[in-house]
Amino acid sequence: MLQLKNLSKTYTQNGQQVEAIKNLNLSVSEREFIALVGPSGCGKTTLLKIIAGLASPSGGEIFLDGKKMLNPGKDRGLVFQQFTLFPWLTVRKNISFGLDIQHLSSKEKADIVDHYLGVTGLKDFAEFYPKNLSGGMQQRVAIARTLANKPKILLMDEPFGSLDSQTRSQMQEFLTQLWEAERQTILFITHDVGEAAFLADTVYVLKRRPMEIKNVFSVPFVRPRTHALKRTKAFFEFENKIAQELER
Amino acid sequence: MRTLLFRHTPLRGLRYGMVTIALFLIALSLWSIVSYGGFISPLFLPTPGAVMAAVIQLYKDFNLLEDIGLSIARILMGFGLAVAIAVPIGVYLAISKIGEAVMEPVLSFIRYIPPSALLPLFLLWFGIGETSKIFLICFGVLPYIAFMVYDVVAQTKTELVDAAYTLGADNAQVLWTVIVPSSLPGIWDTLRINIGAAWTFLVLAEIIASTTGLGHLIITSQRFIKTPNVIAAIGIIGLLGYGTDLFFKLTYKLFFPWSEKAHAST
C-alpha cells in the first residue's frame, strides 16, 4: 500500500553536500508491521518526515494506495519521539483533535474517542492536561490521537525513545497487543534492535550516509507475543544476527 | 542544615500576604519617622496624614474620581488600540517568511525613537485633545508588544505544528488551533508587562498637554507647591498599577490552567 520509489534526499551542511538518502525503494503491504533499524544519524527521522509530507525529497516519489503523496495528510499518521501533545487540550480533546478538524458529529467523535481511551487504558485520565501525565501515558495518548484519525498507515519515529527502560518495555507490550487487536499498518523506526525484533513482522537494516537498505529479516516469532519472548534463546540469537548486520 | 539557593518553595497565601503587609508597615513607619520627626521639610516630604487629607480633599472638592476615570479610559483606548494592531503584526512576523524582512527594520526604527519625542508632533497633528494622548500611549507600547508577541509566537514548538499537519490540519487550522493557543499565555504576559509602560506615556502626555487626569493633577499640584497632592496622585497610580498586575495574574491562572506556569505563580 505504501511505496517509496528511488527516494533520495540531499542537503547542504556547512557548505558541503550531504547525501542523506540515496535511491531508497521500499514497499509496505496492508496490515504489515515493518521496522526500520539504523544507526543514529542515518536519516531515519528525515525519511519519516518525507513520507509524512513534512519535508520534501530531493528525488523520487511516494505512493499510498497508488496515489502520489506530496503534502501532509491524515492518511499518514505520525507518532513522534518528542512529546507532542497539545498542552492546552485535555487528554480527551487531544485524542479528538483530528476529528474536530474534520467536523464530525459529536456523537461520532465521542464514540471514537471513548473507544481509544479504553484501548489505551486512559479512561480515568480523560479530563487531565498533558502536564499531569507521565511520559509513557503521554505517548499512549499520542498513539490514541493518531489512531482515532484512522490513518491508512501509522508512522512511528522512535516513539519510546524518550522513556525509561521499564516504561519502554511496557509500551512495547502495549503496542504489540494493540497491533494484534487492530492490525493497523505500521512503519516503525528505531535504533533498538531488540525493540524492532519484538514488535515487527519484517525488520529492515539500514546503512548510514547515504541511507540504503542493507538487509531484510523476516521475524520468525508467532503472535501473540509477550515479554517472556525477549528472554528466550531464539530471540537472543535472532537479535544478535540483526545487530551483527547493523554493525557490519 | 544550610538553606540552599533555589531550593525553597516560595511563600503562598497567608504568609505571602503577611510579608506584603509587613513591608508596607515598615515603609510607612520610616516615612512617619522622617516626616513627623521633622527630619525633612513638609514641602519636600509631607506626612502620611497630610497625604491622606489631600486624598480626601481631592475626592470631595476636585473630582478625583473623574481624573482617575479619564486616565483609565485613556489607557484602555491607547493600549487597546496598540494591542489590536501589534498582536496581528507580531503573529504575522513570526509565521511569514517575508514578514520579518519587511517589518523588522521598520519596527526597529520606531522602537529607538523615544515616544516622548513624538509628543510635539502628535500635538501639532492631533491637537491637545484626547487623540494625541491616546496615540502617544499607542505608539509608545506598540513596537514592544509587536516584538514580544513575535518572539512568543516564533517559539511555538515545531513538533506541535508538525503533529497538527499529520493529523490533517491545513494552514489556517494550524494557525488557529495550534500557533494561537500555544502563544496565548506568552501574549498575555506581554500585555501584562507593557500595560505598565502605557502608564508612563499617559502621565507624560497628561503632564505636558492636558487639563484633566492624574498626570495633570501632578503637574498643577507641583506648580502650586501642593506636595501632598503630588504624592497622593503618585500613590494612586501605583495602586492602579498593582491592581492591573493582579488582574493579569489572576486571569492567567483562570485562562491557562494547562500552562506549566499556572502552578507556580501566586
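Reference entry: report on the structure contained in this document. (Residues numbered from 1 in each chain as written. Chains lettered and ligands numbered in written order. Predicted model: local features only at pLDDT ≥ 70, side-chain atom pairs only at ≥ 80, totals over all residues. Heavy atoms only, no water.)

1. Details of the overall build of chain B
For the record, the criterion: Every helix listed is a DSSP run of H or I at least four residues long, and every strand listed is a run of E at least two residues long, numbered separately from the N terminus. Think of it in three bands: residues with accessible area under 20% of the maximum for their type are buried, residues over 50% are exposed, and the middle band is partly exposed, with areas taken using a 1.4 Å probe on protein chains only. What makes two residues a contact is simply this: any of their non-hydrogen atoms within 4.5 Å.
A count of helices and strands for chain B gives eleven helices and zero strands. Reading chain B from its N terminus to its C terminus gives the helix and strand order α-α-α-α-α-α-α-α-α-α-α. Counting only C-alpha atoms and orienting by the principal axes, one finds that chain B spans roughly 70 × 65 × 30 Å. Within chain B, the proportion of its 266 residues that are buried is 40%. Across chain B, the fraction of contacts at a sequence separation of at least 24, relative to all contacts at a separation of at least 6, is 68%.

2. So, the packing of aromatic side chains
Here is the rule we go by: Only Phe, Tyr and Trp rings take part, Trp by its six-membered ring, and two of them pair if their centres are within 6.5 Å. Stacked means planes under 30 degrees apart, edge-to-face means over 60, and tilted covers everything else. Note on geometry: a ring has a charge over it if NZ (lysine) or CZ (arginine) is within 6 Å of the ring centre and within 35 degrees of the ring normal.
Taken as a whole and assessed by the stated rule, the structure comprises 23 aromatic pairs over all chains. Judged by centre distance (5.1 Å) and plane angle (75°), the rings of phenylalanine 125 of chain A and phenylalanine 128 of chain A are edge-to-face. Classification of phenylalanine 125 of chain A as partly exposed rests on a relative accessible area of 25%. Since its relative accessible area comes to 32%, phenylalanine 128 of chain A is described here as partly exposed. For the pair phenylalanine 221 of chain A and phenylalanine 238 of chain A, a centre-to-centre distance of 5.6 Å together with 85° between the ring planes defines the contact as edge-to-face. Highlighted residues: phenylalanine 221 of chain A in the loop between strand 10 (212–218) and helix 8 (233–247) and phenylalanine 238 of chain A in helix 8, separated in sequence by 17 residues. Chaining the aromatic ring pairs together yields one cluster made of Phe86, Trp88 and Phe97 of chain A together with Trp188, Phe247, Phe248, Tyr252, Phe255, Phe256 and Trp258 of chain B. Directly above the aromatic system of phenylalanine 86 of chain A lies the positively charged group of arginine 145 of chain A, at a separation of 4.8 Å from the ring centroid. Above the plane of the ring of phenylalanine 198 of chain A lies lysine 230 of chain A, whose end atom (NZ or CZ) is 5.7 Å from the centre.

3. Some points on the sheet that holds strand 2 (residues 16–28) of chain A
Residue and element names in this part refer to chain A. What counts, and what does not: Strands were regarded as paired on the criterion that DSSP finds at least two bridges between them. To define axes, lines are fitted to C-alpha atoms, for helices over the stretch in contact only, and angles between the resulting N-to-C directions are given on a 0 to 180 degree scale.
Read across the sheet, four strands follow the order 2-1-4-5 without closing on themselves; strand pairing throughout is antiparallel. Edge strands, defined here as strands with exactly one partner in the open sheet, are strand 2 and strand 5 (67–68). Where strand 4 (residues 59–64) and strand 5 come together, two bridges link them in antiparallel fashion. By the bridge assignment, phenylalanine 63 is partnered in strand 5 with lysine 68. Contacts between helix 1 (residues 44–52) and the sheet are confined to strand 1 (2–13), strand 2 and strand 4, with strand 1 contributing the most and set at about 120° to the helix.

4. Regarding the pairing of strand 10 of chain A
Residue and element names in this part refer to chain A. Pairing geometry for strand 9 (residues 202–207) and strand 10, over six bridges, is antiparallel. Each residue of the ladder has a partner; that of lysine 207, found in strand 10, is glutamate 212. Once strand 9 ends, the chain turns through four residues before running back antiparallel as strand 10, passing arginine 209 with a positive phi of about 45°.

5. So, the environment of glutamate 247 of chain A
On the secondary structure map, glutamate 247 of chain A appears in helix 8. Between the C-alpha atom of glutamate 247 of chain A and that of glycine 38 of chain A, which follows or precedes it by 209 residues, the distance is 9.5 Å.

6. Points about the interface of chain B and chain A
Filter applied, for reference: Put simply, buried area is the surface a 1.4 Å probe can reach on two separate parts but cannot reach once they are joined, added for both. In protein, a polar contact means a hydrogen-donor-capable atom and an acceptor-capable atom, both N or O and within 3.5 Å, with residues adjacent in sequence counting only if both atoms are side-chain atoms; elsewhere, any N or O pair within 3.5 Å suffices.
Listed by partner, the interface residues are 21 residues for chain B and 25 residues for chain A. Summed over both sides, the interface of chain B with chain A buries roughly 2000 Å², with 69% coming from carbon and sulfur. Considering only the side of chain B, the residues that lose the most area to chain A are Thr166, Leu167 and Trp258 of chain B, jointly responsible for 38% of the buried surface there. Counting the contacts that link chain B with chain A gives four residue pairs in polar contact (both at pLDDT 80 or more). When residues of the side of chain B that touches chain A are traced back to their parent elements, those giving at least two are helix 7 (158–166), helix 8 (171–208) and helix 11 (260–264) of chain B.

7. Overview of the sheet that holds strand 6 (residues 76–79) of chain A
All names here are of chain A. In spatial order, the strands read 6-7-8-3-9-10; together these six strands make up an open sheet with mixed pairing. Of all strands in the sheet, those with a lone pairing partner are strand 6 and strand 10, marking the two edges. Within this sheet the neighbouring strands show an average axis-to-axis angle of 20°, counted without direction. Looking at chain direction, strand 3 (residues 33–37) and strand 8 (residues 186–190) are connected through five bridges and run parallel. Within strand 8, the residue paired with phenylalanine 33 across the bridge is isoleucine 186. Docked against the sheet, helix 1 engages strand 3, strand 6, strand 7 (153–157), strand 8 and strand 9, running at close to 155° with respect to strand 7.

8. Some thoughts on the packing of helix 3 (residues 64–95) of chain B against helix 8 of chain B
Residue and element names in this part refer to chain B. Heads up, the condition is: Each angle is binned into one of four classes, with values under 35 degrees roughly parallel, values over 145 roughly antiparallel, values of 65 to 115 roughly perpendicular, and all other values oblique. Crossings are sorted by hand: turned counterclockwise from the far helix by less than a right angle, the near helix makes the crossing left-handed, and turned clockwise it makes it right-handed. In this classification, the charged set is Asp, Glu, Lys and Arg, the nonpolar set is Ala, Val, Leu, Ile, Met, Phe, Trp, Tyr, Cys and Pro, and all remaining amino acids, among them Gly, are polar.
Taken N-terminus to C-terminus, the directions of helix 3 and helix 8 make an angle of 140°; their axes are 8 Å apart at the nearest point. By the angle class used here, helix 3 and helix 8 are oblique. Of the two elements, helix 3 crosses helix 8, and the hand of that crossing is right-handed. For the pair helix 3 and helix 8, contact is made by Ser71, Ile72, Arg74, Ile75, Phe79, Val83, Val87, Val91 and Ile95 and by Leu175, Ile179, Ile187, Leu191, Asn194, Ile195, Ala198, Trp199, Leu202 and Glu206, respectively. Of the residues in the contact of helix 3 with helix 8, the class split is 15 nonpolar, two polar and two charged.

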